[in-house]
Amino acid sequence: MAEEPGVKNSFIELAYSVDTFYFLMSGALVMWMAAGFAMLEAGLVRSKNTVEILTKNIALYAVACVMYMLVGYNIMYGGGPNGFIPGLSFLLGLDNTAEAVLSSGGDIYYSSMADFFFQVVFVATAMSIVSGAVAERMKLWAFLIFAVVMTGFIYPVQGYWKWGGGFLDALGFLDFAGSGVVHLCGAAAAFAGVLLLGPRTGKYVDGKIKAIPGANLPLATLGTFILWLGWFGFNGGSELKISNIAEANAVSLVFVNTNAAAAGGLVASLILSQIWFGKADLTMVLNGALAGLVSITAEPLTPTPLMATIVGVVGGLIVVGAIILIDKMKIDDPVGAISVHGICGIWGLIAVAFTNPEGSLAAQLTGVVVIFGWVFCTSFVLWMVIKSVLGIRISEEEELEGADVTECGLAAYPEFTKE
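Scoring rules and cut-offs
- Residues numbered from 1 in each chain as written.
- Predicted model: local features only at pLDDT ≥ 70, side-chain atom pairs only at ≥ 80, totals over all residues.
- Heavy atoms only, no water.
- Helix = DSSP H or I, 4+ residues; strand = E, 2+ residues; numbered from the N terminus.
- Rg over C-alpha atoms; globule rule 2.2 N^0.38 Å.
- Buried < 20%, exposed > 50% of the residue type's maximum accessible area, 1.4 Å probe, protein only.
- Contact = heavy atoms within 4.5 Å.
- Areas by Shrake-Rupley, 256 points an atom, 1.4 Å probe, with all protein chains shown as cover.
- Lys, Arg positive; Asp, Glu negative; His and termini not counted.
- Charge placed at Lys NZ, Arg CZ, Asp CG, Glu CD.
- 1 Å grid on protein atoms, 1.4 Å probe; cavity = no way out; pocket = protein on both sides within 12 Å on 5 of 7 lines; lining within 4 Å.
- Points joined across faces, edges and corners; volume = space filled by probe spheres on them.
- Nonpolar A, V, L, I, M, F, W, Y, C, P; charged D, E, K, R; others polar.
- Disulfide = S-S within 2.5 Å.
- Salt bridge = Lys/Arg side-chain N within 4 Å of Asp/Glu carboxyl O.

### A look at the overall build of the chain
- Of regular secondary structure, the chain possesses 15 helices and two strands.
- Relative to the globule expectation of 22 Å for 419 residues, the C-alpha radius of gyration of the chain, 22 Å, shows essentially globular dimensions.
- Residues classed as buried in the chain amount to 53% of the 419 residues present.
- Within the chain, contacts between residues separated by at least 24 positions form 80% of all contacts whose residues are at least 6 apart in sequence.
- As displayed, the chain has an accessible area near 17,100 Å², and 70% of this comes from carbon and sulfur atoms.
- With 18 positive and 31 negative side-chain charges, the chain shows a separation of 15 Å between the mean positions of the two kinds.

Next up, the structure:
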């Protein structure tokens, strides 16, 4: 018996609604990660720099939303003359019409505006990675000017190469939810900035490394929990569909594997820090959970939960060593962002070759080199231009007083400030 057109259209409309709603709710979870980054970074900097880091985090989110709407989304998903050069157009077009959705027979299965919203919160995540690495000594407006170009142009170009159907995608490079496109991208931009910025005053004295503890570890822990929660939208939403049994099962596995990798990374970093330092270092534990999350982001669907846990364990071990090594190289990263998102992002991309039968180590390594090379080089040039025109670092006197007062005119904890 032939299916009635009205019944078929009703099923198409229902599936469209379900998948669009899932997309939007996943995007909302990823947007909440902005709060996680803000809390994590506010907890890991000194109290005199809290207002400034919070201002950076909430402002960068708004900048990312505006720039990705104006131009970034179209660069990333607007096609181009070839797989290397993306197209250039501006502003968002109209959403799908009911006629287009129904006539597609279900091939168009979610709102294009929902897709934009889901994608824009990813670019904001990449920019959030930068703010922690350059914390406590970068000028606010230098950072925000960089954010304009990063979110509007630098990020979308390498995003086009993979998720927009560019040459990395054609090459077979796999990155399910962004260990490379988002996390390595953010870390590469941060690394370029940190190299030009230099370390915080008093961090490295007479060849010795001075620990500079964060002011609010409960806040940092809350931030990590928020990021952990938001990551279910980050990875789960990247399945893009949930309206049938196979896709619902796939999303469920992505959730389980994402959680398993975070747990594995946390436990591994906890044990290693106890062995290495003789203490259970909370900051390493928090970064261990995030390392596991970054590591599984490149491929959270094909591994078994046990394998996902192992991927996270390796990430948790790597991040402890990377943080220590980078510190010994006198590269000052107050929150460990370069290690968590950069080094573990690379590990996550490499792990795809061992957890996905379609993964190729050569293609994965090519993606690593291309993404890092593009973002680092363009970011370095941009930071250099901003440095020569505006300057990127606050003065030593301002740094000693704290960026809160000198950059924002406020104190985060005024009742504890001496008159």
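Having put the structure on the table, let's press on.
### Structural notes on empty space enclosed by the protein
- For the structure shown, the criterion picks out three cavities of 30 Å³ or more.
- Reported here for the largest cavity is a volume of approximately 60 Å³.
- Together, Phe-37, Leu-40, Glu-41, Ser-128, Ile-129, Asn-287, Leu-290, Val-335, Gly-336, Ala-337, Val-340 and His-341 line the largest cavity.
- When contributions to the lining of the largest cavity are tallied by element, the ones reaching two or more residues are α1 (5–44), α4 (112–133), α10 (282–297) and α12 (337–355).
- Of the residues belonging to the lining of the largest cavity, the class tally is seven nonpolar, four polar and one charged.

### Concerning the environment of Gly-193
- Summarising the element assignment, Gly-193 is placed in helix α7 (residues 179–197).
- Here Gly-193 falls in the buried class, since its relative accessible area comes to 0%.
- Distance from Gly-193 to Phe-143, taken between C-alpha atoms, is 9.5 Å for residues 50 residues apart in sequence.

### With respect to the state of the cysteines
- Going through the model one piece at a time under the given rule, you end up with zero disulfides.
- There is no disulfide at Cys-65, and the cysteine sulfur nearest it, in Cys-185, is 16 Å away.

### Re the environment of Leu-92
- Along the chain, Leu-92 turns up in the loop between α2 (50–77) and α3 (98–103).
- Classification of Leu-92 by relative accessible area gives partly exposed; the value is 26%.
- Sequence separation of Leu-92 and Leu-70 is 22 residues, and the distance between their C-alpha atoms is 7.4 Å.
- Sequence-distant contacts of Leu-92, that is, excluding residues within four places in its chain, are made with Met-69, Tyr-73, Asn-74, Met-113 and Phe-116.

### Details of the side chain of Glu-239
- Structurally, Glu-239 is set in the loop between α8 (217–236) and α9 (245–277).
- No salt bridge is formed by the buried Glu-239. Its closest oppositely charged neighbour is Lys-241, at 9.1 Å.
- Not counting residues within four places of it along the chain, the set of residues in contact with Glu-239 comprises Phe-176, Glu-247, Ala-250, Val-251 and Leu-301.

### Some remarks on the pattern of salt bridges
- Applying the stated criterion to the full structure yields seven salt bridges.
- The partner of Arg-200 in a salt bridge is Glu-136, and the shortest N-O contact between them spans 2.5 Å. A residue pair is termed long-range when its members are at least 10 positions apart, and Arg-200 in the loop between α7 and β1 (204–205) and Glu-136 in the loop between α4 and α5 (140–162) qualify at 64 residues. We note that Arg-200, like Glu-136, is buried.
- With a shortest N-O distance of 3.6 Å, Lys-203 and Asp-327 are connected by a salt bridge. With Lys-203 in the loop between α7 and β1 and Asp-327 in helix α11 (residues 305–328), the pair connects residues that are 124 residues apart, well separated along the chain.

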